[in-house]
Amino acid sequence: MEKKKMVVVQSNNLTNAAYKLTLNEQRVMLLLISKLDSRKKYTAEDSFTVTAEELSNTFGVAKKSSYRNLEEAGKDLFERKLTFKYEEKGHYLQTRWVSQVEYKEGSGHIKVKFAPGIIPLITELKNNFTTYELEHTAKFKSAYSHRIYQLLNQWKSVGRVKINLDGLRQRLELTDYYNEYRRLKQKIIEPSLEEINASSNFKVEMNEIKEGRKVIGIDFRFKDKVARTPRLTHHRSQPKTVFAESTEVESKLSDGDINNALNGILKNIARPITIN
């Protein structure tokens with residue numbers, strides 16, 4: 001019997017939110033989200049269970065370590081928060097990830113309820129969402145690799161995304177760290193891209209965006225390692241969709257047109273999140 005694929009589906013607002021989780025916390029949260037049917041309606045009263053066996057089997061964690069990692073992540077997740085912005089300028093929401101975590105030492109499982117503010121970001125999703133198979137990120141050893149991969153995956157229909165350094169730092173909650181670009185590149189960006197290239201379905205290259213001699217942003221270009229076979233159809237051909245979000249640009253575009261379009265929406269996709 002073929003093993004069912006675990007799929008993560010979350011709103012782009014969650015993908016672009018400012019938060020920091022440890023690797024274990026990120027793994028547990030991804031397991032929880034993968035259990036949901038993103039098309040269905042859930043409430044803050046619904047609970048979901050993650051087991052140490054699932055953590056071990058999915059991410060290759062030693063069985064003994066998975067029990068300890070699961071309990072630690074369960075305890076700490078209750079204290080974690082995230083911040084995301086609405087379309088209206090200056091309008092932000094800060095919420096916890098979970099409202100309740102139940103665990104029994106040595107039991108090998110935790111039971112979790114999502115916080116009310118998280119529910120709309122992972123359920124009843126019809127558009128503007130990020131989706132990927134969990135197996136593509138299962139070998140990551142850094143939580144930052146997960147975050148950068150999600151950012152790329154949001155724009156997989158384009159194969160390119162630009163983000164300014166302030167926007168990246170704030171997404172990863174690194175505003176108090178790595179203010180020097182050289183260290184940010186050395187400690188966060190390059191190791192994450194190395195993991196993504198080695199272990200995921202993406203092949204990524206980066207170019208620095210400069211103002212004069214100063215680096216102000218990163219231009220990520222990426223593609224799927226496995227070329228997809230085009231689906232044959234007898235229907236009348238439709239214009240190519242270049243951007244998957246609500247700000248769609250349709251028609252056949254040249255590289256110059258795509259570059260101009262990307263620059264035009266840079267403020268929206270990579271605007272630094274100011275947290276007061």
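A quick note: this is a predicted structure, and the numbers were derived from the prediction, not measured. (Residues numbered from 1 in each chain as written. Predicted model: local features only at pLDDT ≥ 70, side-chain atom pairs only at ≥ 80, totals over all residues. Heavy atoms only, no water.)

## So, the packing of aromatic side chains
- According to the stated counting rule, one finds seven aromatic pairs in the structure shown.
- Consider the rings of Tyr19 and Trp97, whose centres lie 4.9 Å apart with planes at 85°: the pair is edge-to-face. A residue pair is termed long-range when its members are at least 10 positions apart, and Tyr19 in strand E2 (residues 18-19) and Trp97 in the loop between strand E5 (92-96) and strand E6 (98-103) qualify at 78 residues.
- Site record: aromatic cluster; members linked through ring pairs are Tyr132, Phe140, Tyr149, Phe202 and Phe222.
- Here the guanidinium or amino end of Arg96 rests over the ring plane of Phe78, the centre of that ring lying 4.8 Å away.
- We note Arg147 situated over the ring of Tyr19; from NZ or CZ to the ring centre the distance is 3.7 Å. (Phe/Tyr/Trp six-rings, centres within 6.5 Å; stacked < 30°, edge-to-face > 60°. Helix = DSSP H or I, 4+ residues; strand = E, 2+ residues; numbered from the N terminus. Lys NZ or Arg CZ within 6 Å of the ring centre and 35° of its normal.)

## Here's the deal with empty space enclosed by the protein
- Using the criterion set out here, one finds one cavity of 30 Å³ or more in the structure.
- The space that makes up the largest cavity amounts to roughly 40 Å³.
- Together, Tyr67, Leu70, Glu71, Lys104, Ser107, Gly108, His109 and Ile110 line the largest cavity.
- Elements that contribute at least two residues to the lining of the largest cavity include exactly helix H4 (63-77) and strand E7 (109-114).
- For the lining of the largest cavity, the element with the highest residue contribution is H4, accounting for three residues.
- Counted by class, the lining of the largest cavity contains three nonpolar, three polar and two charged residues. (1 Å grid on protein atoms, 1.4 Å probe; cavity = no way out; pocket = protein on both sides within 12 Å on 5 of 7 lines; lining within 4 Å. Points joined across faces, edges and corners; volume = space filled by probe spheres on them. Nonpolar A, V, L, I, M, F, W, Y, C, P; charged D, E, K, R; others polar.)

## What about H4?
- Given a rise of 1.5 Å per residue, 15 residues ought to cover 21 Å, and the 21 Å separating the end C-alpha atoms of H4 matches this to within 8%.
- Residues Ser66, Asn69, Leu70, Glu71, Ala73, Gly74 and Leu77 constitute the buried set of H4.
- In this structure, the buried residues of H4 make contact with helix H2 (23-34), strand E3 (47-51), helix H3 (52-59), E6 and E7. (Expected span 1.5 Å × (residues − 1). Buried < 20%, exposed > 50% of the residue type's maximum accessible area, 1.4 Å probe, protein only. Contact = heavy atoms within 4.5 Å.)

## Looking at the sheet that holds strand E10 (residues 202-211)
- The strand order across the open sheet formed by three strands is E9-E11-E10, and the pairing between neighbours is antiparallel. Of all the strands in the sheet, just strand E9 (160-164) and E10 have a single pairing partner and so form its edges. Looking at each pair of strands side by side, their axes are set apart by 20° on average, direction ignored.
- Across 10 bridges, the pairing between E10 and strand E11 (residues 214-224) is antiparallel. The residue bridging Ile209 from the neighbouring strand is Gly217, located in E11.
- In this fold helix H6 (residues 143-154) packs onto E9, E10 and E11, with an angle of close to 90° to the strand it touches most, E10.
- Along the sheet, helix H8 (residues 181-199) makes contact with E10 and E11, crossing E10 at roughly 160°. (Pairing = 2+ DSSP bridges. Axes fitted to C-alpha atoms, helices over the stretch in contact; angles between N-to-C directions.)

## A word on the packing of H3 against H4
- It is at 8 Å that the axes of H3 and H4 come closest, and there the two elements cross at 120°. Accordingly, the angle class assigned to the pair H3 and H4 is oblique. As H3 runs across H4, the sense of the crossing is right-handed. In contact with Ala52, Glu53, Leu55 and Ser56 of H3, H4 contributes Lys63, Ser66, Tyr67, Asn69 and Leu70.
- Taken together, the residues that form the contact of H3 with H4 break down as four nonpolar, three polar and two charged. (Parallel < 35°, antiparallel > 145°, perpendicular 65-115°, else oblique. Left-handed = near helix turned anticlockwise from the far one by under 90°.)

## Comments concerning the pairing of E9
- E9 sits mainly inside the fold: four of its five residues count as buried.
- Where E9 lies against E11, five bridges are found, and the strand directions are antiparallel. Directly across from Val161, in E11, lies its bridge partner Phe220.

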